[in-house]
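Commentary on secondary and tertiary structure
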2 protein chains.
Amino acid sequence: MVVKSQIKFIKSLRRKKIRAEQKLFVAEGPKMVSELYRSALVPYKIYTSGSVMEEVASEFLERVTVSELKQMSSLKNPNQVLGVFYMPTPKKVDFTDWVVALDEVRDPGNLGTIIRMCDWFGINHLLCSTHTVDCYNPKVLQATMGAIARINIIYSDLPSQFQNTEVPVYGSFMDAAPVYDEKMPTSGILLMGNEANGISQEIEKHIAKKIGIPQYAAKTSESLNVAMATAILLNEIRRG
Amino acid sequence: MVVKSQIKFIKSLRRKKIRAEQKLFVAEGPKMVSELYRSALVPYKIYTSGSVMEEVASEFLERVTVSELKQMSSLKNPNQVLGVFYMPTPKKVDFTDWVVALDEVRDPGNLGTIIRMCDWFGINHLLCSTHTVDCYNPKVLQATMGAIARINIIYSDLPSQFQNTEVPVYGSFMDAAPVYDEKMPTSGILLMGNEANGISQEIEKHIAKKIGIPQYAAKTSESLNVAMATAILLNEIRRG
């Protein structure tokens, strides 16, 4: 039995501001919570309305009714388990390998997919401009499929981050020369822009080289989605 | 003013069975409907509750009230315009260029993204197994961003399609040798499998070569999403 104030507190974590103040975030569903629990993340509390989650130490586990879970959850149909975790403290970025930087990516699904792609391609550090969607937004978390626990994500002013390193910034542009012609170095920053406006002028100044993915169709189609473009460019970087 | 029977008819098109019988499908929103109207697709009727859609010939245009549009729409917040179009008649597949084949891709977002990627990379023909999600499902349409009008999509038994050509079938597998080592021919079939189960055994028999995308992270992460994998493999095919 959880007290009302606890339910209210968890609901308050739907707001980015409160999450940032409390340094806590919410993940839902047994699979996701279980994966985060097994990761390096520190749990605050795991609520369950079912008999699952045997792996969770009793000090973190709290049984709740289906109705209580429904009140806490941001999902229409809550899935038995809701976990509250401490946000990890951002680590110093290691620029000896490739790093991804995002200039105002706004769509939660796109950010989640990009985090997942970073995980697949062994990119350990992700720089996000301060106006990029919050990575602890529930929709982002859902799209990462647990990869959120394995990537060091830093929200900050991108130019100040770029000043910490000598590695070149490669900016993705629709109309740039094909990435295929480019001999990619062993370390660098892959910079991706906003869904509608691309990379902002302010940030563009810091780019060493522009790269693009050629369009093979007639020029009728939409631009390449930023998550897809990131996937393709990370593959290009890793294939060498 | 539309009659009730018309609203009921349009609502019935939410069902795949009815769509297939009537050879009609519904698209929503001014941008999408406008793009489809300008394509080779034949319109049946365009309903608008606003003053947009000047380009649409009056014979196809019907003004409706916001309330009527809401009744027709499958969206929570309908966006002014709803278009009903005839499904194009599938064309004969041209195997002289690469073709993509899907073995039971079930997620509408994945299929929509794959259609969009085919469009980007100039793939004109998409073969779908009969249990692949319907491409006229509203969520698929939304994710294609209009690319649906430019790709020839055929639902059929994949092996019978493969019998129509001599080109090799390249199957995407998690654990296959890296695609980077493979010299890809100028034509072939890129076969992608189901989200959970991959390519079925029945279909696997028809594969000439298995290809994979190496995972650079520790083997903790989820499998690569099928839409992402398709994007990366199409890029590999086109980069040569």
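Residues numbered from 1 in each chain as written. Chains lettered and ligands numbered in written order. Predicted model: local features only at pLDDT ≥ 70, side-chain atom pairs only at ≥ 80, totals over all residues. Heavy atoms only, no water.

Note the cut-off: UniProt positions are given in the numbering used here, feature names are shortened, and annotations may be inferred rather than shown by experiment.
In the nomenclature of an unreviewed UniProt entry, chain A is known as RNA methyltransferase of Cerina litoralis. According to UniProt, the comment filed for chain A under the heading Sequence similarities (unreviewed entry) is "Belongs to the class IV-like SAM-binding methyltransferase superfamily. RNA methyltransferase TrmH family."

1. What about the relation of the copies chain B and chain A?
The condition that has to hold: Here the copies were fitted onto each other by least squares, based on C-alpha atoms from residues at pLDDT of at least 70 in both. It only takes one pair of heavy atoms within 4.5 Å for two residues to be counted as in contact.
Note on the identical chains: chain B maps onto chain A by a rotation of 180° and an axial translation of 0.0 Å, with an RMSD of 0.0 Å. Here the transformation between the copies is reduced to the relation of a two-fold axis. Among all C-alpha atoms of chain B, that of Ile232 of chain B lies closest to the rotation axis, at 2.6 Å. Here 100% of the interface residues in chain B have copies in chain A that are interface residues too; the copies meet face to matching face.

2. Describing unusual backbone geometry
Put simply, the rule reads: Secondary structure is summarised from DSSP: a helix means a run of H or I of at least four residues, a strand means a run of E of at least two, and numbering begins at the N terminus for each.
Phi at Gln80 of chain B is positive, roughly 65°, even though this residue is not glycine. Tracing the backbone through its elements, the reader meets Gln80 of chain B in the loop between α4 (66-72) and β4 (81-86).

3. Describing the domain arrangement of chain A
Residues and elements named next belong to chain A. We count it as follows: Where a domain begins and ends is set by an automatic assignment or by a domain database. Note on definitions: salt bridges are taken to be side-chain nitrogens of Lys or Arg within 4 Å of carboxyl oxygens of Asp or Glu. The definition of a polar contact used here is a pair of N or O atoms within 3.5 Å, where within protein one atom must be able to donate a hydrogen and the other to accept one, and adjacent residues in sequence count solely through side-chain atom pairs.
Each domain of chain A was delimited in the assignment, giving domain 1 (4-86) and domain 2 (99-239). Computed from C-alpha atoms alone, the centre-to-centre distance between domain 1 and domain 2 is 30 Å. With 12 residues of domain 1 in contact, the opposing surface of domain 2 contributes 12 residues. Its salt-bridge partner being Arg150, residue Glu35 comes within 3.0 Å of it at the nearest N-O pair. Between the two partners, domain 1 and domain 2, sit 2 residue pairs in polar contact (both at pLDDT 80 or more).

4. Overview of the sheet that holds strand β4 (residues 81-86) of chain A
Picture the strands of a sheet paired through backbone hydrogen bonds; they go either parallel or antiparallel. Residue and element names in this part refer to chain A. Note the threshold: When DSSP finds two or more bridges between a pair of strands, those strands are recorded as paired. Here the axes come from fitting lines to C-alpha atoms, over the contacting stretch only for helices, and the angles between their N-to-C directions go from 0 to 180 degrees.
The strand order across the open sheet built from 4 strands is β1-β4-β2-β3, with neighbouring strands paired in mixed fashion. The open sheet has two edge strands with one neighbour each: β1 (24-28) and β3 (61-63). The sheet shows a mean angle of 20° between the axes of neighbouring strands, taken without regard to direction. For β1 and β4, the ladder comprises 5 bridges, and the chain directions are antiparallel. Opposite Ala27, over in β4, you have Gly83 as the bridge partner. Packed on one face of the sheet, helix α1 (residues 4-12) meets β1, β2 (43-48) and β4 and runs near 110° to β2.

5. Describing the environment of Ser223 of chain B
Along the chain, Ser223 of chain B turns up in the loop between β10 (209-211) and α9 (226-239). Through-space distance from the C-alpha of Ser223 of chain B to that of Ala196 of chain B is 9.2 Å; in sequence the pair is 27 residues apart. If we skip the residues at most four places from it in the chain, Ser223 of chain B touches Arg116 and Trp120 of chain A together with Met174 of chain B.

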